[in-house]
Amino acid sequence: MTTFSSLPKLGVGLNYQPGLRAALGSLGDLIDFFEISPDLLCRERVRDGERALDYHPALLDEALQSTAGLPLVAHGLGLSIGSVAGWNEGYLRILDELNARRPFVWHSEHLAFLLTTDATGRPLHTGVPLPLPFTEEALALLTPRAAALGSRYAAPFLLENFTYYLPDLPSDGGRDEVAFLNDLTERSGCGLLLDLYNFYCNAVNFRFDPYAALSRLRLDRVIEIHIAGGATHDGFQLDVHSKTTPEPVWDLLEWVAPRAPHLAGIVYEVMEQALTLVGVDGIRSQLARARDVWDKYCAADGRRRAHATS
Amino acid sequence: MPLADLQIALGLMVTTQSAARGSADAPNFNNLRLTAAERGWLSQLPGDPGFNVTCHIQRWWRETKLGWTTSLTLAALGPERADATLKAYLKATPCASLFFTPEALGFLDFVAGMSEWREWTDWPHVAEIARFERALLIAKEAAQQAVDRPFGDDEIPSGARLSPHPAAALLEFAAPPAELLGALVERRSLPPVMATRFPVLVAPGLAYLWRPASADESRLFTRCRSAPSVEDLLTSVPDPAPTLRRMVGACALQSDL
């Protein structure tokens, strides 16, 4: 069983992407750690349903150089941990390679599936991550996989709650997303990457009280928090990472942070393609505000990170 | 395992609607082991706003990827035909990957293989641009993979057999390349189709990944498709050695040694 209490308190982080490299020079004083998505540094080749992932060596080298000197966590996109047809083995190989080059403090993935088959058994890519039902069968699939990922490296594994738009997902015994996450983290030993923007999107889209829901969540399993901002479409809040964090999400962060005893990092997520929309100053403001929350509730006693005030 | 069947059903429904396929192509779930509750749930999804948003996101991401990676081809098509071609492609071709390049290659192959463009006399150059953009993507990925240059520009081992590098291509335009590509980038009218052909070399070791090909380069690249020896090539053009060295150095050609 993973002991989260021994994890170092990393602080405030940023998701590294090649397109953000130029901005890092003016953000460095606000970043305690980096989150890297290894998939973004790779190319994927698909032939007859077989997929192979391999790094662009230059992109990987640049990523490791740009993030040198600070702790690293890994956050995958393409594992498809929830696929009954099989997860993406290629993703595990690139994760192995990243860990060998630069061990990460923890790693995480999305609670969703991308890979399935058609009715004849031919591979089918859904093109968009899809949710799993809140059922015992889904737990039976995910639990050993999450447990295996938790022991694959000398680093815990976290699962990220996911934004979904399909109504009335099938469930057993009235289980909802919170109960499902609780069961999954309890049975597998994995931690939780609580994406507060995703949680907020689901609360808005399905009209539930996020505070009441968070009150039922196993907050002692929350190791990392994501904050982000997105767009709306046809009345739905979308998980796009294209804007600054909306105020309700900052409120949720203020509520969760003092209640998550093992919280080890807060990451502001933004797409590199949104850099022109958010701006370097926008990213700075997000990191600075996240740091205020971190310092208020989470920083280890006597080890507040010193940084120059602007 | 019922969860497998539920994922099959959901995957088919999302991909079918995202591709804007008609009701005739609606997936059939008769052979799937779904509970009555699951069938009931699935039957209510079409038309549900959340399901529609899910399908919209799938399609939007595919279109966005193509907008970023195939801009020259889309410009060559023009707005109306680009829209129609994208629709046709998305309907015909399932999503294979979230990554940019596989989607782009699929679309560019689709465009280059379309027969309609032959009738678009007022929209020339489409297939050549699609092939060019495809070659650029392949060359760029190879360049990012740190393409090996086993030897520099100094020598080619005697006895070597040369062949085109897998990430290189020799293409032809029906108008001067700079004029054609400039018109595309600047959204001007494209130059008319000329009887003359303008060869272009695409290779991962070239600055900007491409340039016009000389007559010698065209001749040598074509000869190398049969993997001749260097000695055989000496008879193809006068003094081919400098050209061969340049092409090997640019990873347009590769040696078996």
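Residues numbered from 1 in each chain as written. Chains lettered and ligands numbered in written order. Predicted model: local features only at pLDDT ≥ 70, side-chain atom pairs only at ≥ 80, totals over all residues. Heavy atoms only, no water.

Visitor: Summarise the overall build of chain A; cite the residues concerned and give the values.
Guide: Within chain A one finds 9 helices and 14 strands. Judged by the C-alpha coordinates and their principal axes, chain A covers about 60 × 45 × 45 Å. Every one of the 310 residues in chain A was classed for burial, and the buried ones make up 61%. If you sum the accessible surface of chain A, you get close to 11,800 Å²; carbon and sulfur atoms cover 50% of it. For chain A, the centre of its 27 positive side-chain charges and the centre of its 39 negative side-chain charges are spaced 3 Å apart. (Helix = DSSP H or I, 4+ residues; strand = E, 2+ residues; numbered from the N terminus. Buried < 20%, exposed > 50% of the residue type's maximum accessible area, 1.4 Å probe, protein only. Areas by Shrake-Rupley, 256 points an atom, 1.4 Å probe, with all protein chains shown as cover. Lys, Arg positive; Asp, Glu negative; His and termini not counted. Charge placed at Lys NZ, Arg CZ, Asp CG, Glu CD.)

Visitor: Provide a residue-level description of the side chain of S37(A), including the pertinent values.
Guide: Residue and element names in this part refer to chain A. Checked against the element boundaries, S37 lands in the loop between β2 (33-36) and β3 (42-47). Here H75 takes part through its backbone oxygen, which lies 2.7 Å from a polar atom of the side chain of S37. The contacts of S37, once residues within four sequence positions are left out, are H75 and L77. (Polar contact = N/O pair within 3.5 Å; in protein donor to acceptor, adjacent residues only side chain to side chain. Contact = heavy atoms within 4.5 Å.)

Visitor: I'd like a rundown of helix α3 (residues 49-69) of chain B, residues and numbers included.
Guide: For α3(B), which comprises 21 residues, the first-to-last C-alpha distance of 30 Å matches the rise-based estimate of 30 Å (1.5 Å per residue) to within 8%. The N-cap residue of α3(B) is D48(B): its side-chain oxygen and the backbone nitrogen of G50(B) are 2.8 Å apart. (Expected span 1.5 Å × (residues − 1).)

Visitor: Now, about the sheet that holds strand β1 (residues 11-16) of chain A: what can you tell me, with residues and values included?
Guide: Hydrogen bonds along the backbone pair up the strands of a sheet, which may run parallel or antiparallel. All names here are of chain A. Judged by pairing direction, the barrel is parallel, and its 8 strands sit side by side in the order β1-β2-β5-β6-β9-β10-β11-β14 before closing back on the first. Along the sheet, successive strands turn relative to each other by an average axial angle of 25°, direction set aside. Of the strand pairs in this sheet, β1 and β2 are connected by 4 bridges, and their pairing is parallel. Counterpart to L14 in the pairing with β2 is F34. Lying on the sheet, helix α2 (residues 57-66) is in contact with β1, β2 and β5 (72-75); it crosses β1 at an angle near 160°. Across the face of the sheet, helix α6 (residues 196-206) comes into contact with β9 (157-160), β10 (191-195) and β11 (222-227) while running at roughly 65° to β10. (Pairing = 2+ DSSP bridges. Axes fitted to C-alpha atoms, helices over the stretch in contact; angles between N-to-C directions.)

Visitor: Can you tell me about the environment of L77(A), naming the residues and giving the values?
Guide: Residue and element names in this part refer to chain A. With respect to the helices, strands and loops of the structure, L77 is situated in the loop between β5 and α3 (89-101). For L77, a relative accessible area of 34% gives the class partly exposed. Spatially, the C-alpha atom of L77 lies 13 Å from that of E269, the residues being 192 residues apart in sequence. Among all residues touching L77, those that are not within four sequence positions of it are S37, D39, L40, Y91, E109, H110 and L114.

Visitor: Can you break down the domain arrangement of chain B residue by residue, with the values?
Guide: In terms of domain boundaries, chain B breaks down into domain 1 (3-116) and domain 2 (148-255). Relative to domain 2 of chain B, the C-alpha centre of domain 1 of chain B lies at a distance of 37 Å. (Domains from an automatic or database assignment.)

Visitor: Requested: an account of the interface of chain B and chain A, with residues and values cited.
Guide: Counting residues at the interface gives 34 residues for chain B, matched by 44 residues for chain A. Of the roughly 3,500 Å² buried where chain B meets chain A, counting both sides, 71% is carbon and sulfur surface. Ranking the residues of chain B by area buried against chain A places Q7(B), F99(B) and Q145(B) at the top, with a combined share of 18%. For the pair chain B and chain A, the interface holds 12 residue pairs in polar contact (both at pLDDT 80 or more). Counting only elements with at least two residues in the side of chain B that touches chain A, the list comes to α1 (2-18), α3, α6 (100-113) and α7 (126-144) of chain B. If one sorts the elements of the side of chain B that touches chain A by residue count, α1(B) sits on top with 11 residues. Here the side of chain B that touches chain A is composed, by residue class, of 22 nonpolar, 10 polar and 2 charged. (Buried area = accessible area lost by both parts, 1.4 Å probe. Nonpolar A, V, L, I, M, F, W, Y, C, P; charged D, E, K, R; others polar.)

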